[in-house]
Amino acid sequence: MKKITTLLLSLTLAASAFAGTSDSSKTVQPTIAPPQGCDCFAPGFAMGAFGGAFFPNHGGSGVAGGGMLAEYFVSEYLGFQGSYGVYATNSEHHQMDGSVVLRLPIKSLCIAPYMMVGGGVGTNATTRGDFHVGGGLEARFASLDCMGVFVDGNYYFASGTNTDFTVARLGVKFRF
């Protein structure tokens, strides 16, 4: 019996040695919210300007040009864009377009790849209707009031023989 009592007493003393001191003060660790990304792709109106290049499909070299655009997004994924560009072909090619734009914002990077489809009118000595399809990438800068930089390209199926062409654009957008 004496051995059991000694064993229990030894275990009790050993357990109390590992118990440590009591600390009644609790420090609260602040919670850190995960990054939310940018909120620059909200619905709304934007205007922009671009420089571009016009590449005819029937031979010849590309020519430079530029223009303006206005767009309205009804959601962060769906919008409408109207644009006007003029390019330095043999008799100045004027291009007026209306497009439906589908974009997929990646908010953590503040970029949005997008696809465009639409129609328009081009005039270069003769006026022709056309249909276009294309895509691009836009980056927005939250620190600059959500100013955007974009690059895109469209392939145009124009009415008539040997009149298809491609337009590549690089520009800026400003939200309102």
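Criteria and thresholds
Residues numbered from 1 in each chain as written. Predicted model: local features only at pLDDT ≥ 70, side-chain atom pairs only at ≥ 80, totals over all residues. Heavy atoms only, no water. Phe/Tyr/Trp six-rings, centres within 6.5 Å; stacked < 30°, edge-to-face > 60°. Helix = DSSP H or I, 4+ residues; strand = E, 2+ residues; numbered from the N terminus. Buried < 20%, exposed > 50% of the residue type's maximum accessible area, 1.4 Å probe, protein only. Lys NZ or Arg CZ within 6 Å of the ring centre and 35° of its normal.

(A) How the structure looks around the packing of aromatic side chains. Considering all chains together, one arrives at six aromatic pairs under this definition. Centroid distance F45 to F176: 6.1 Å. Interplanar angle 40°. Geometry classified as tilted. Of this pair, F45 sits in strand β1 (residues 44–56) while F176 sits in the segment after β8 (165–175), and the two are 131 residues apart along the sequence. The exposure class of F176 is exposed, given its relative accessible area of 68%. Centroid distance Y156 to F165: 4.5 Å. Interplanar angle 10°. Geometry classified as stacked. F165 matches Y156 in its accessibility class, with the two residues each being buried. Here a set of aromatic residues connected by ring pairs shows up, and it is made of F54, Y87, Y156 and F165. For R103, the ring lying beneath its charged end belongs to F73, and the centroid distance is 3.6 Å.

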